[in-house]
Amino acid sequence: MLRVAVFVSGRGSNLQAVLNSPKLKNLVVVDSVISDKKNCKAFQIAADNSVACFSLGNDKESISYSGLADFLKSRNIDLIVLAGFLKLIPDSVIKEFKNKIINIHPALLPAFGGKGMFGMNVHKAVLNSSVKESGATVHLVDETYDTGQIIAQRKIDISDLNSAEAIAEHVLKIEHELLPFVIEKFATNKILVKNNKVDVLQ
Ligand code: GRF
(Lines give C-alpha, C1' and ligand atoms only; values in the text may rest on other atoms or scores of the structure.)
Protein backbone atom coordinates (compact mmCIF):
# COMPACT_ATOMS: atom_id res chain seq x y z
CA MET A 1 0.00 0.00 0.00
CA LEU A 2 1.20 3.48 -0.89
CA ARG A 3 1.35 5.58 2.29
CA VAL A 4 0.06 9.07 1.62
CA ALA A 5 0.07 12.31 3.62
CA VAL A 6 -2.43 14.89 2.41
CA PHE A 7 -1.74 18.58 3.08
CA VAL A 8 -4.74 20.92 3.25
CA SER A 9 -5.66 24.45 4.27
CA GLY A 10 -9.41 24.61 3.80
CA ARG A 11 -12.51 22.86 2.53
CA GLY A 12 -11.05 19.43 1.79
CA SER A 13 -13.19 18.34 -1.13
CA ASN A 14 -10.16 16.86 -2.92
CA LEU A 15 -9.22 15.02 0.27
CA GLN A 16 -12.77 13.66 0.33
CA ALA A 17 -12.47 12.57 -3.30
CA VAL A 18 -9.27 10.66 -2.50
CA LEU A 19 -10.83 9.01 0.54
CA ASN A 20 -13.94 8.08 -1.44
CA SER A 21 -12.15 6.72 -4.50
CA PRO A 22 -13.04 3.03 -4.98
CA LYS A 23 -9.92 2.54 -7.13
CA LEU A 24 -7.63 3.75 -4.36
CA LYS A 25 -9.15 1.57 -1.64
CA ASN A 26 -6.81 -1.37 -2.11
CA LEU A 27 -3.80 0.62 -3.24
CA VAL A 28 -3.45 3.57 -0.90
CA VAL A 29 -3.64 4.35 2.78
CA VAL A 30 -4.12 7.98 3.75
CA ASP A 31 -1.91 7.95 6.82
CA SER A 32 -2.26 11.57 7.84
CA VAL A 33 -3.82 14.92 7.04
CA ILE A 34 -1.63 17.92 7.80
CA SER A 35 -2.76 21.53 7.87
CA ASP A 36 -1.46 25.00 8.63
CA LYS A 37 -5.04 25.92 9.68
CA LYS A 38 -6.19 24.25 12.90
CA ASN A 39 -9.91 24.65 12.29
CA CYS A 40 -10.17 23.83 8.62
CA LYS A 41 -13.09 21.80 7.32
CA ALA A 42 -10.68 19.22 5.91
CA PHE A 43 -9.70 18.22 9.45
CA GLN A 44 -13.32 17.28 10.12
CA ILE A 45 -13.37 15.16 6.95
CA ALA A 46 -10.17 13.42 8.10
CA ALA A 47 -11.57 12.80 11.57
CA ASP A 48 -14.83 11.44 10.11
CA ASN A 49 -12.71 8.95 8.16
CA SER A 50 -10.50 8.04 11.14
CA VAL A 51 -7.43 9.63 9.57
CA ALA A 52 -4.92 11.22 11.95
CA CYS A 53 -4.76 15.04 11.80
CA PHE A 54 -1.66 17.11 12.53
CA SER A 55 -1.29 20.86 12.55
CA LEU A 56 1.76 22.59 11.20
CA GLY A 57 3.08 25.75 12.84
CA ASN A 58 5.25 27.32 15.46
CA ASP A 59 3.24 26.55 18.59
CA LYS A 60 3.96 23.68 20.95
CA GLU A 61 1.18 21.36 19.77
CA SER A 62 2.12 21.61 16.10
CA ILE A 63 4.72 19.97 13.91
CA SER A 64 7.32 22.62 13.07
CA TYR A 65 8.27 23.37 9.48
CA SER A 66 11.88 22.46 10.32
CA GLY A 67 10.80 19.13 11.79
CA LEU A 68 8.41 18.26 8.98
CA ALA A 69 10.76 16.08 6.90
CA ASP A 70 11.65 13.94 9.92
CA PHE A 71 8.00 13.68 10.90
CA LEU A 72 7.03 12.43 7.43
CA LYS A 73 9.92 9.96 7.40
CA SER A 74 8.90 8.66 10.82
CA ARG A 75 5.47 7.83 9.39
CA ASN A 76 6.97 6.09 6.34
CA ILE A 77 5.23 8.41 3.89
CA ASP A 78 5.68 7.44 0.23
CA LEU A 79 3.75 10.29 -1.40
CA ILE A 80 2.83 13.80 -0.25
CA VAL A 81 -0.32 15.22 -1.80
CA LEU A 82 -1.00 18.96 -1.61
CA ALA A 83 -4.75 19.37 -1.94
CA GLY A 84 -5.53 23.03 -1.37
CA PHE A 85 -2.45 23.64 0.82
CA LEU A 86 -1.56 27.33 0.68
CA LYS A 87 1.95 27.45 2.14
CA LEU A 88 5.26 26.64 0.48
CA ILE A 89 6.73 23.25 1.36
CA PRO A 90 10.13 23.65 3.10
CA ASP A 91 13.21 22.92 0.99
CA SER A 92 14.25 20.16 3.41
CA VAL A 93 11.04 18.25 2.57
CA ILE A 94 11.45 18.88 -1.18
CA LYS A 95 14.97 17.41 -1.01
CA GLU A 96 13.99 14.44 1.13
CA PHE A 97 10.90 13.61 -0.96
CA LYS A 98 12.21 14.43 -4.42
CA ASN A 99 9.60 13.63 -7.09
CA LYS A 100 7.28 12.36 -4.36
CA ILE A 101 5.27 15.53 -3.76
CA ILE A 102 2.34 16.47 -5.98
CA ASN A 103 -0.05 19.42 -6.05
CA ILE A 104 -3.42 19.93 -7.68
CA HIS A 105 -3.99 23.32 -9.29
CA PRO A 106 -7.37 24.51 -10.62
CA ALA A 107 -6.18 25.76 -14.03
CA LEU A 108 -4.09 24.70 -16.97
CA LEU A 109 -0.53 25.43 -15.88
CA PRO A 110 1.81 27.05 -16.75
CA ALA A 111 -0.91 29.70 -17.20
CA PHE A 112 -2.74 31.11 -14.17
CA GLY A 113 -0.28 29.84 -11.57
CA GLY A 114 2.25 31.28 -9.14
CA LYS A 115 2.11 33.20 -5.88
CA GLY A 116 -1.36 34.51 -5.07
CA MET A 117 -2.99 32.31 -7.69
CA PHE A 118 -5.23 30.24 -5.48
CA GLY A 119 -8.96 29.78 -4.96
CA MET A 120 -11.22 32.23 -6.76
CA ASN A 121 -8.23 34.40 -7.80
CA VAL A 122 -7.44 31.73 -10.37
CA HIS A 123 -10.94 31.48 -11.78
CA LYS A 124 -11.40 35.28 -11.91
CA ALA A 125 -8.15 35.61 -13.85
CA VAL A 126 -9.27 32.84 -16.21
CA LEU A 127 -12.64 34.56 -16.77
CA ASN A 128 -11.06 37.97 -17.33
CA SER A 129 -8.58 36.60 -19.84
CA SER A 130 -11.42 35.27 -21.98
CA VAL A 131 -9.69 31.93 -22.59
CA LYS A 132 -12.09 29.32 -23.91
CA GLU A 133 -10.72 26.38 -21.96
CA SER A 134 -9.69 25.83 -18.39
CA GLY A 135 -9.07 22.71 -16.38
CA ALA A 136 -6.98 21.12 -13.68
CA THR A 137 -3.30 20.26 -13.43
CA VAL A 138 -1.45 17.85 -11.18
CA HIS A 139 2.27 18.58 -11.04
CA LEU A 140 5.38 17.70 -9.11
CA VAL A 141 6.22 20.20 -6.41
CA ASP A 142 9.50 22.11 -6.37
CA GLU A 143 10.70 25.11 -4.37
CA THR A 144 8.35 27.66 -5.93
CA TYR A 145 4.59 27.87 -6.46
CA ASP A 146 3.17 25.88 -9.38
CA THR A 147 6.40 25.49 -11.35
CA GLY A 148 7.17 21.77 -11.01
CA GLN A 149 6.89 19.39 -13.94
CA ILE A 150 3.37 18.67 -15.09
CA ILE A 151 2.12 15.11 -14.57
CA ALA A 152 -1.42 15.27 -15.93
CA GLN A 153 -4.05 17.77 -17.03
CA ARG A 154 -7.74 17.67 -17.86
CA LYS A 155 -9.40 20.36 -19.94
CA ILE A 156 -12.95 21.67 -20.05
CA ASP A 157 -14.70 24.03 -22.42
CA ILE A 158 -15.66 27.18 -20.52
CA SER A 159 -16.84 29.28 -23.46
CA ASP A 160 -20.45 29.15 -22.19
CA LEU A 161 -19.60 29.95 -18.56
CA ASN A 162 -20.11 33.53 -17.46
CA SER A 163 -18.87 33.67 -13.90
CA ALA A 164 -15.77 32.69 -11.96
CA GLU A 165 -18.02 30.68 -9.64
CA ALA A 166 -19.36 28.60 -12.52
CA ILE A 167 -15.84 27.94 -13.78
CA ALA A 168 -14.74 26.94 -10.26
CA GLU A 169 -17.64 24.51 -9.96
CA HIS A 170 -16.94 22.81 -13.28
CA VAL A 171 -13.18 22.65 -12.68
CA LEU A 172 -13.64 21.19 -9.19
CA LYS A 173 -15.56 18.24 -10.64
CA ILE A 174 -12.63 17.29 -12.85
CA GLU A 175 -10.15 17.87 -10.03
CA HIS A 176 -11.98 15.17 -8.09
CA GLU A 177 -11.30 12.73 -10.93
CA LEU A 178 -7.80 13.84 -11.84
CA LEU A 179 -6.23 13.71 -8.37
CA PRO A 180 -7.26 10.10 -7.58
CA PHE A 181 -6.21 9.13 -11.14
CA VAL A 182 -2.67 10.46 -10.60
CA ILE A 183 -2.39 8.93 -7.11
CA GLU A 184 -3.41 5.59 -8.57
CA LYS A 185 -0.63 5.92 -11.16
CA PHE A 186 1.90 6.53 -8.36
CA ALA A 187 0.55 3.55 -6.44
CA THR A 188 0.95 1.28 -9.46
CA ASN A 189 4.43 2.61 -10.36
CA LYS A 190 3.21 4.13 -13.60
CA ILE A 191 4.80 7.54 -13.16
CA LEU A 192 8.26 7.81 -14.69
CA VAL A 193 10.19 10.98 -13.98
CA LYS A 194 12.93 11.74 -16.46
CA ASN A 195 15.08 14.87 -16.65
CA ASN A 196 12.55 17.20 -18.18
CA LYS A 197 9.51 15.07 -18.58
CA VAL A 198 7.06 13.03 -16.59
CA ASP A 199 5.64 9.99 -18.35
CA VAL A 200 2.36 8.50 -17.21
CA LEU A 201 2.11 4.89 -18.34
CA GLN A 202 -1.23 3.37 -19.27
C1 GRF B 1 -8.74 23.22 -5.25
O2 GRF B 1 -9.34 24.00 -6.25
C3 GRF B 1 -7.30 22.90 -5.60
O4 GRF B 1 -7.08 22.78 -6.96
C5 GRF B 1 -6.57 24.11 -5.09
O6 GRF B 1 -7.25 24.47 -3.90
C7 GRF B 1 -8.58 24.01 -3.96
C8 GRF B 1 -8.79 23.16 -2.75
O9 GRF B 1 -10.14 22.73 -2.64
N10 GRF B 1 -5.17 23.87 -4.94
P11 GRF B 1 -10.51 21.62 -1.59
O12 GRF B 1 -9.99 22.10 -0.23
O13 GRF B 1 -9.89 20.34 -2.01
O14 GRF B 1 -12.01 21.56 -1.59
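Computed from a predicted model, the values in this text were never measured in an experiment.

Moving on, we come to the packing of helix α1 (residues 13–20) against helix α6 (residues 164–187). Interhelical geometry of α1 versus α6 gives an angle of 50 degrees and a closest axis separation of 9 Å. Between α1 and α6, the angle falls in the class oblique. Judged by the sense of rotation from one axis to the other, the crossing of α1 with α6 is right-handed. Contacts between α1 and α6 involve Ser13, Asn14, Ala17 and Val18 from the former and Leu172, Glu175, His176, Leu179, Pro180 and Ile183 from the latter. When grouped by side-chain class, the residues that make up the contact of α1 with α6 number 6 nonpolar, 3 polar and 1 charged.

Listed as buried for helix α2 (residues 41–48) are Ala42, Phe43, Ile45 and Ala46. One side of α2 carries all its buried residues, which in axial view fall inside an arc of 160 degrees. The exposed set on the far side of α2, more than 90 degrees from its buried face, consists of Lys41 and Asp48. In this fold, the buried residues of α2 make contact with β1 (2–8), α1, β2 (28–35) and β3 (52–55). Following α2 by one or two positions, Ser50 adopts a phi angle in the positive range, close to 55 degrees.

Attention now goes to the packing of aromatic side chains. Applying the stated criterion across every chain, the model contains 2 aromatic pairs. For the ring pair Phe54 and Phe71, a centre distance of 4.8 Å and an interplane angle of 65 degrees mean the geometry is edge-to-face. Placement of Phe54 in strand β3 and of Phe71 in helix α3 (residues 68–74) is noted, with a sequence separation of 17 residues between them.

Let's shift gears to the site of the ligand. Near the ligand, the surroundings consist of Arg11, Gly12, Ser13, Asn14, Gly84, Ile104, His105, Pro106 and Glu175. A distance of 2.7 Å is found between an oxygen atom of the ligand and a backbone nitrogen or oxygen belonging to Gly12. Measuring from a nitrogen atom of the ligand, one finds a backbone N or O atom of Ile104 at 2.8 Å. For the ligand, whose accessible area on its own is 370 Å², the fraction buried by protein is 86%.

Here we have 7 strands laid out as an open sheet, ordered β3-β2-β1-β4-β5-β6-β7, and mixed in their pairing. Each edge of the open sheet carries a strand with a single partner, namely β3 and β7 (150–157). Ignoring strand direction, the axes of neighbouring strands in this sheet form an average angle of 20 degrees. Pairing geometry for strand β6 (residues 133–140) and β7, over 7 bridges, is antiparallel. Within β7, the position partnered with Glu133 by the bridge is Asp157.

Basis of the calculations
- Within each chain, residues carry numbers counting from 1 in the order of the written sequence.
- Owing to the predicted nature of the model, reporting of local features is limited to residues with pLDDT of at least 70; listing and counting of side-chain atom pairs is limited to 80 or more, with chain, interface and lining totals taken over all residues.
- As a convention, hydrogens and water are excluded, and side-chain values are obtained from all of the structure's heavy atoms.
- Lines fitted to C-alpha atoms define the axes, with helix axes restricted to the stretch in contact, and inter-axis angles between N-to-C directions lie between 0 and 180 degrees.
- Comment: elements are numbered from the N terminus, with helices defined as DSSP H or I runs of at least four residues and strands as E runs of at least two.
- Reported orientations rely on four angle classes, namely roughly parallel under 35 degrees, roughly antiparallel over 145, roughly perpendicular from 65 to 115, and oblique for the rest.
- By the definition used in this description, the sense in which the near helix is turned from the far one sets the handedness, with an anticlockwise turn below a right angle giving left-handed and a clockwise turn giving right-handed.
- In what follows, residue pairs with any heavy atoms lying within 4.5 Å of each other are defined as contacts.
- The residue classification treats Ala, Val, Leu, Ile, Met, Phe, Trp, Tyr, Cys and Pro as nonpolar and Asp, Glu, Lys and Arg as charged. All others, Gly included, are polar.
- Relative accessibility thresholds used throughout: buried, under 20% of the residue-type maximum; exposed, over 50%; partly exposed, between the two (1.4 Å probe, protein chains only).
- When we speak of the arc, we mean the arc of directions from the helix axis to the C-beta atoms.
- When two rings of Phe, Tyr or Trp (its six-membered ring) have centres within 6.5 Å they constitute a pair, described as stacked for plane angles under 30 degrees, edge-to-face for angles over 60, and tilted for the intermediate range.
- One heavy atom suffices: a residue is near a molecule or strand as soon as one of its heavy atoms comes within 4 Å of it.
- Polar contact criterion, stated in full: a pair of N or O atoms within 3.5 Å, where within protein one must be able to donate a hydrogen and the other to accept it, and residues adjacent in sequence count only if both atoms are side-chain atoms.
- All accessible-area figures derive from a Shrake-Rupley calculation using a 1.4 Å probe, and residue coverage is judged against the displayed protein chains alone.
- Strands pair, by our definition, only if DSSP identifies at least two bridges between them.

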